[in-house]
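# Geometric and topological summary
Here is what each chain is made of, one letter per residue.
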Amino acid sequence: QVQLVESGGGLVQPGGSLSLSCVASGSGFSRYIMGWYRQAPGKQRELVASETSVGVTHYADSVKGRFTFSRDNAKNTVYLQMNSLKPEDTAVYYCNAKTLRATTWGKGTLVTVSS
């Protein structure tokens, strides 16, 4: 089964940048539908960026133009480059993988945007 490990979170000032990584186990990575979600304290988990079945990435309106999703199949890794960070971006960011069998979540990495 799929195992996901996120990394790259931390404390950053408003306007700063962070890059998150998610490494997936297994040999079927190129066939996984990958995405990033986040959950702020007291809020519902929400989509940040996700691949679709037609191979494009959908971004939440709140992050369009600031965040960029990318994939490196050779490394079994997806990335989320986050620029121009805002305090409202503070959340635990979760990597997600969808297969025909299951949806798998990583344990999350905390991003805190604060002065």
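Residues numbered from 1 in each chain as written. Predicted model: local features only at pLDDT ≥ 70, side-chain atom pairs only at ≥ 80, totals over all residues. Heavy atoms only, no water.

### Description of the environment of tyrosine 94
Topologically, tyrosine 94 is positioned in strand β9 (residues 91–98). A residue is classified by how much of its surface remains accessible, and tyrosine 94, at 13% relative accessible area, is buried. Filtering out sequence-adjacent residues up to four positions away, tyrosine 94 remains in contact with Glu6, Gly35, Trp36, Tyr37, Gln39, Arg45, Trp105, Gly106, Lys107 and Gly108. (Helix = DSSP H or I, 4+ residues; strand = E, 2+ residues; numbered from the N terminus. Buried < 20%, exposed > 50% of the residue type's maximum accessible area, 1.4 Å probe, protein only. Contact = heavy atoms within 4.5 Å.)

### Describing the packing of aromatic side chains
Applying the stated criterion across every chain, the model contains three aromatic pairs. Taking the centre distance of 6.1 Å and the plane angle of 85° together, the rings of phenylalanine 29 and tyrosine 32 count as edge-to-face. For phenylalanine 29, a relative accessible area of 2% puts it in the buried group. Residue tyrosine 32 is classed as buried on the basis of its relative accessible area of 10%. Taking 6.4 Å as the distance between ring centres and 90° as the angle between the ring planes, the aromatic pair formed by tyrosine 94 and tryptophan 105 counts as edge-to-face. With a gap of 11 residues between them, tyrosine 94 in strand β9 and tryptophan 105 in strand β10 (residues 103–105) connect regions that are remote in the sequence. The structure contains a cluster of three or more aromatic residues connected by ring pairs, namely Tyr37, Tyr94 and Trp105. Over the face of the ring belonging to phenylalanine 29 we find arginine 71, whose NZ or CZ atom lies 4.4 Å from the ring centre. (Phe/Tyr/Trp six-rings, centres within 6.5 Å; stacked < 30°, edge-to-face > 60°. Lys NZ or Arg CZ within 6 Å of the ring centre and 35° of its normal.)

### Overview of the sheet that holds strand β8 (residues 77–82)
Here we have four strands laid out as an open sheet, ordered β1-β3-β8-β7, and antiparallel in their pairing. For this open sheet the edge positions go to β1 (4–7) and β7 (67–72), each flanked by a neighbour on one side alone. Direction aside, neighbouring strands of the sheet carry axes that sit 15° apart on average. Judged from the six bridges that link them, β7 and β8 form a sheet pairing that is antiparallel. Bridged to aspartate 72 within β8 is threonine 77. (Pairing = 2+ DSSP bridges. Axes fitted to C-alpha atoms, helices over the stretch in contact; angles between N-to-C directions.)

### A few points about the pairing of strand β4 (residues 33–39)
By the criterion of burial, β4 is predominantly enclosed, with five of the seven residues buried. Inspection of the sheet shows β4 paired to β9 by seven bridges, in the antiparallel sense. Paired with tyrosine 37 across the bridge in β9 is tyrosine 94.

### Quick notes on the state of the cysteines
A disulfide bridge is the covalent bond that connects two cysteines by way of their sulfur atoms. For the structure shown, the criterion picks out one disulfide. The side chain of cysteine 22 participates in a disulfide bridge whose partner is cysteine 95; the two sulfur atoms lie 2.0 Å from each other. Because the sign of the S-S torsion sets the handedness, a value of about -85° for the bond joining cysteine 22 and cysteine 95 places this disulfide among the left-handed ones. Note that cysteine 22 is positioned in strand β3 (residues 18–24) and cysteine 95 in strand β9, a separation of 73 residues in sequence. (Disulfide = S-S within 2.5 Å.)

### Some thoughts on the environment of glutamate 6
Locating glutamate 6 in the fold gives a position in strand β1. Remark: the alpha-carbon pair of glutamate 6 and valine 23, spanning 17 residues in sequence, is separated by 6.6 Å. For glutamate 6, the residues in contact, after removing those within four places along its chain, are Ser21, Cys22, Trp36, Tyr93, Tyr94, Cys95, Gly106, Lys107, Gly108 and Thr109. A polar contact of 3.1 Å, which involves the side chain of glutamate 6, links it to the backbone nitrogen of lysine 107. Looking at glutamate 6, its side chain comes within polar contact range of the main-chain nitrogen of glycine 108, at 2.9 Å. (Polar contact = N/O pair within 3.5 Å; in protein donor to acceptor, adjacent residues only side chain to side chain.)

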